[in-house]
Amino acid sequence: MKSIGQDTSKKPETEASLDAAMNQAAQVLTQQMESMPATEQEPVDFSKVEVEPLFKDFVDFETFSKSDFRAVKVKECEAVPKSKKLLKFVLDDGSGEDRVILSGIHDYYEPEELVGKTLIAIVNLPPRKMMGIDSCGMIISATHIVEGREGLNVLMVDDRIPAGAKLY
C-alpha cells in the first residue's frame with residue numbers, strides 16, 4: 001500500500017541493482033549472439049530423395065537390447081593409407097581407453113571435419129580387421145539416394161553429451 005506523500009518513483013536499492021545487473025546480462029548475451037556466425041541454411045529439398053524401404057521382419061526386444069550404442073568423442077581421425085574410402089577414428093568411448101573404429105566414409109567427410117565431434121557408435125561388435133587394422137565397432141550413419149547418387153550423413157549429437165553415454 002502507498003502512504004500519502006510516499007515517493008514511488010524510486011525503487012529500493014536492491015531492486016535497482018538487480019535491474020541493472022539484468023540489463024547488463026541482457027546486453028552481454030545480445031553481444032554474444034550478434035557475434036555468433038549465422039547458421040541459417042537454405043531449406044533442403046527432399047522431393048528427390050529416396051530411402052531404403054523399412055524392414056518387414058521384426059526384431060524382438062531382447063535381440064535389440066544386446067546392441068550397445070554409445071556416444072563417442074572423436075579424438076583423432078585420419079585417412080587410412082592405401083585406402084580411398086577408409087577413415088581411422090580414435091575415439092573416447094567413456095571407458096578410459098581409446099577405441100579405434102574404421103569407417104568407409106572418406107567420400108563424404110574429410111578427417112579434420114570430424115575431430116572433436118560427438119558421434120554415435122555401436123561398440124559391442126566383434127573386432128574386424130580392415131587394411132591390417134582392427135576396427136572395434138561401427139560409426140552410425142544415415143544413407144539415402146539423391147538423383148541416383150548415394151548420400152551419407154554421420155549421426156552427430158550435441159557435444160554436451162558425455163563420452164560413453166548409452167543410447168536406449
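Residues numbered from 1 in each chain as written. Predicted model: local features only at pLDDT ≥ 70, side-chain atom pairs only at ≥ 80, totals over all residues. Heavy atoms only, no water.

Peer 1: Can you tell me about the nonpolar core, naming the residues and giving the values?
Peer 2: A general feature of soluble globular proteins is that nonpolar side chains tend to end up buried together. If you look at the biggest cluster of nonpolar residues, it comprises 16 residues, and the most contacted ones within it are Phe89, Leu91, Ile105, Leu114, Leu119, Ile139 and Val154. Broken down by secondary-structure element, the contributors of at least two residues to this core are strand S2 (69–79), strand S3 (87–92), strand S5 (118–122) and strand S10 (149–154). In contact with Ile105, not counting residues within four places along its chain, are Lys85, Leu87, Phe89, Leu114, Ser141, Leu152 and Val154. (Core = buried A, V, L, I, M, F, W, Y, C linked by side-chain atoms within 4.5 Å. Buried < 20%, exposed > 50% of the residue type's maximum accessible area, 1.4 Å probe, protein only. Helix = DSSP H or I, 4+ residues; strand = E, 2+ residues; numbered from the N terminus. Contact = heavy atoms within 4.5 Å.)

Peer 1: Could you give an account of the pattern of salt bridges, with specific residues and numbers?
Peer 2: For the coordinates displayed, the defined rule picks out 7 salt bridges. The partner of Asp68 in a salt bridge is Lys166, and the shortest N-O contact between them spans 3.2 Å. Of the two residues, Asp68 is situated in the loop between helix H2 (61–64) and S2 and Lys166 in the segment after strand S11 (156–157); the sequence distance between them amounts to 98 residues. Ionic contacts of the salt-bridge type, sharing partners, join the residues Asp68, Arg70 and Lys166 into one network. (Salt bridge = Lys/Arg side-chain N within 4 Å of Asp/Glu carboxyl O.)

Peer 1: So what's going on with the side chain of Ser135? Which residues, and what values?
Peer 2: Inspection of the secondary structure puts Ser135 in strand S7 (residues 133–135). Among residues more than four places away in sequence, those in contact with Ser135 are Val100, Ile101, Leu102, Pro126, Pro127, Arg128 and Met130.

Peer 1: Outline the environment of Arg160, listing residues and values.
Peer 2: For Arg160, the position within the fold is in the segment after S11. Given the relative accessible area of 73%, Arg160 is considered exposed. Distance in space between the C-alpha atoms of Arg160 and Thr118 is 8.6 Å, their sequence separation being 42 residues. Within the local environment of Arg160, its side chain forms a polar contact with the side chain of Asp158, the two groups lying 2.7 Å apart. (Polar contact = N/O pair within 3.5 Å; in protein donor to acceptor, adjacent residues only side chain to side chain.)

Peer 1: Which residues make up the packing of aromatic side chains, and what values go with them?
Peer 2: In total, this model carries 1 aromatic pair according to the counting rule given. Ring centres of Phe61 and Phe64 lie 6.2 Å apart, and the angle between their planes is 45°; this geometry places the pair in the tilted category. Of this pair, Phe61 and Phe64 both sit in helix H2, 3 residues apart, which is roughly one turn of the helix. The class of Phe61 is exposed, set by a relative accessible area of 64%. Judged by relative accessible area, Phe64 falls into the partly exposed class, the value being 42%. It is Lys166 that lies over the ring of Tyr168; its NZ or CZ is 5.3 Å from the centre. (Phe/Tyr/Trp six-rings, centres within 6.5 Å; stacked < 30°, edge-to-face > 60°. Lys NZ or Arg CZ within 6 Å of the ring centre and 35° of its normal.)

Peer 1: Account for the sheet that holds S10, with residues named and values stated.
Peer 2: Strand pairing within a sheet occurs via backbone hydrogen bonds; the two strands may be parallel or antiparallel. Read across the sheet, 3 strands follow the order S1-S9-S10 without closing on themselves; strand pairing throughout is antiparallel. The open sheet has two free edges, formed respectively by strand S1 (49–50) and S10, since each of these has just one partner strand. Here S1 pairs with strand S9 (residues 141–146) via 2 bridges, running antiparallel. Among the inter-strand pairings, Glu50 is bridged to a residue of S9, identified as Ile145. (Pairing = 2+ DSSP bridges.)

Peer 1: Describe the environment of Lys129, with residues and values.
Peer 2: Positionally, Lys129 belongs in strand S6 (residues 128–130). Sequence separation between Lys129 and Leu102 is 27 residues, and the spatial gap between their C-alpha atoms is 9.3 Å. Among the polar contacts made by the side chain of Lys129, one reaches the side chain of Asp134 at a distance of 3.4 Å.

Peer 1: Tell me what's going on with the side chain of Thr118, and back it up with residues and numbers.
Peer 2: By secondary structure assignment, the location of Thr118 is in strand S5. There is a polar contact of 2.9 Å between the side chain of Thr118 and the side chain of Lys73. A polar contact is formed between the side chain of Thr118 and the side chain of Asp159, at a distance of 2.9 Å. Residue contacts for Thr118: discarding those within four places in its chain leaves Ala71, Val72, Lys73, Leu155, Met156, Val157, Asp158, Asp159 and Ile161.

Everything listed here is a matter of geometry and, on its own, says nothing about what the molecule does.
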